[in-house]
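# An overview of the molecular structure
The primary structure of each chain is shown beneath.
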Amino acid sequence: MAMAERIRPPWWLKYVNKVMIGLNKLGVGGDKGPVVLTVTGRKSGKPRSTPVTPMVVDGHRYVVGGLPGSDWAANARAAGTATVHQGRRTQQVQMVEIPAEQARPLLRQFPTLVPTGVGFMKNAGLVTGPNADEFEALAGRCPVFRLDPV
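Residues numbered from 1 in each chain as written. Predicted model: local features only at pLDDT ≥ 70, side-chain atom pairs only at ≥ 80, totals over all residues. Heavy atoms only, no water.

## Focus: helix H2 (residues 71–79)
Looking at H2, one finds that the buried residues are Trp72, Ala73, Asn75 and Ala76. On an axial view of H2, the arc spanned by its buried residues comes to 160°, and they lie on one face. In the core, the buried residues of H2 are packed alongside strand E1 (35–40), strand E2 (47–52), strand E4 (60–64), strand E6 (89–97) and strand E7 (144–149). Following H2 by one or two positions, Gly80 has its phi on the positive side, about 80°. (Buried < 20%, exposed > 50% of the residue type's maximum accessible area, 1.4 Å probe, protein only. Helix = DSSP H or I, 4+ residues; strand = E, 2+ residues; numbered from the N terminus. Arc of directions from axis to C-beta. Contact = heavy atoms within 4.5 Å.)

See the structure below:
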C-alpha cells in the first residue's frame with residue numbers, strides 16, 4: 001500500500017490555531033467565520049481541536065482539509081463524528097468524507113466561498129492563486145467532509 005501524501009504544516013500553524021480557538025471561544029468571527037472542530041484523536045483518544053472555515057453549498061456545510069495528510073482529517077475519518085464549536089454554541093456532527101469525483105465541484109467553489117483559505121493553500125504550495133481549476137485538481141489530495149447534524 002502506498003504512503004499517503006503528507007505536507008508538513010508550517011511551524012507557526014500550531015500557535016495561530018491556538019489564537020483562533022481562543023478568539024472563537026470569545027465569540028469573535030460571528031456566524032460566517034471559522035469554527036472549532038473537535039475530534040477524538042485516533043491514537044490518544046483525547047479531544048483534538050482545530051479551527052476550520054466551513055462553506056455552505058446547497059444547504060450543506062463542508063470543510064476542506066488544507067493540507068494533504070493532516071492529522072485532523074485522519075482523526076475525523078477514524079472517529080466519524082465531531083463537535084463544532086462556534087462561540088458558545090456547540091453541535092454534534094457526522095463527518096462524511098466526500099469521494100474525489102463528488103468533491104471536484106465543491107473544491108471549484110472553495111476560492112469564492114472561503115477566500116481566507118486561498119492564501120493558506122497558496123503558501124502550502126498547493127495552488128498559485130484563487131483559480132477554480134487548480135482547486136478542483138486538489139480532489140483526492142485534500143479531503144472534503146460534509147458536516148451532517150447528528
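## With respect to the pattern of salt bridges
Counted by the stated rule, this structure contains 6 salt bridges. Of the charged contacts in the structure, one is a salt bridge between Arg77 and Glu97, with a shortest N-O distance of 2.7 Å. Note that Arg77 is positioned in helix H2 and Glu97 in strand E6, a separation of 20 residues in sequence. According to the relative accessible area criterion, Arg77 is partly exposed, its value standing at 45%. Between Arg108 and Glu136 there is a salt bridge, with the nearest N and O atoms lying 2.7 Å from each other. Taken together, the residues span a long stretch of sequence, with Arg108 in helix H3 (residues 100–113) and Glu136 in helix H5 (residues 132–136) at a distance of 28 residues. For Glu136, a relative accessible area of 23% gives the class partly exposed. Look at the salt bridges and you will find they share partners, linking Arg108, Asp133 and Glu136 into a network. (Salt bridge = Lys/Arg side-chain N within 4 Å of Asp/Glu carboxyl O.)

## Points about helix H4 (residues 115–123)
Among the residues of H4, those classed as buried are Gly117, Val118 and Met121. Along the axis of H4, the buried positions cluster into a sector of 115°, meaning they face one direction only. Every exposed residue of H4 that faces more than 90 degrees away from the buried side is listed here: Thr116 and Asn123. Packed against the buried residues of H4 are E4, H3 and H5. Following H4 by one or two positions, Gly125 has its phi on the positive side, about 80°.

## Observations regarding a nonpolar patch on the surface
Together, Val19, Leu23, Leu26 and Val28 make up a nonpolar patch on the protein surface, roughly 380 Å² of accessible area in all. Residue placement: Leu23 occurs in helix H1 (residues 13–25). With a relative accessible area of 34%, Leu23 lands in the partly exposed category. (Patch = residues over 30% accessible without salt bridge, like charges linked within 9 Å, V, L, I, M, F, W, Y side chains within 5 Å. Areas by Shrake-Rupley, 256 points an atom, 1.4 Å probe, with all protein chains shown as cover.)

## Digging into the packing of aromatic side chains
The tally for this structure, following the rule as stated, stands at 2 aromatic pairs. Ring plane angle 50° and centroid distance 5.7 Å describe the contact between Trp72 and Phe145, whose orientation is recorded as tilted. In this pair, Trp72 is assigned in helix H2 and Phe145 in strand E7, connecting sequence segments 73 residues apart. In this pair, the class of Trp72 matches that of Phe145, namely buried. (Phe/Tyr/Trp six-rings, centres within 6.5 Å; stacked < 30°, edge-to-face > 60°.)

## Considering the packing of H3 against H4
Between two packed helices, both the angle of their axes relative to each other and the distance between the axes serve to describe the pair. In the contact formed by H3 and H4, the axes pass within 6 Å of each other and the chain directions differ by 105°. The pairing of H3 with H4 is recorded here as roughly perpendicular in orientation. Residue-level contacts link Phe110, Pro111, Thr112 and Leu113 of H3 to Pro115, Gly117, Val118 and Met121 of H4. Here the residues of the contact of H3 with H4 sort into 6 nonpolar, 2 polar and no charged. (Axes fitted to C-alpha atoms, helices over the stretch in contact; angles between N-to-C directions. Parallel < 35°, antiparallel > 145°, perpendicular 65-115°, else oblique. Nonpolar A, V, L, I, M, F, W, Y, C, P; charged D, E, K, R; others polar.)

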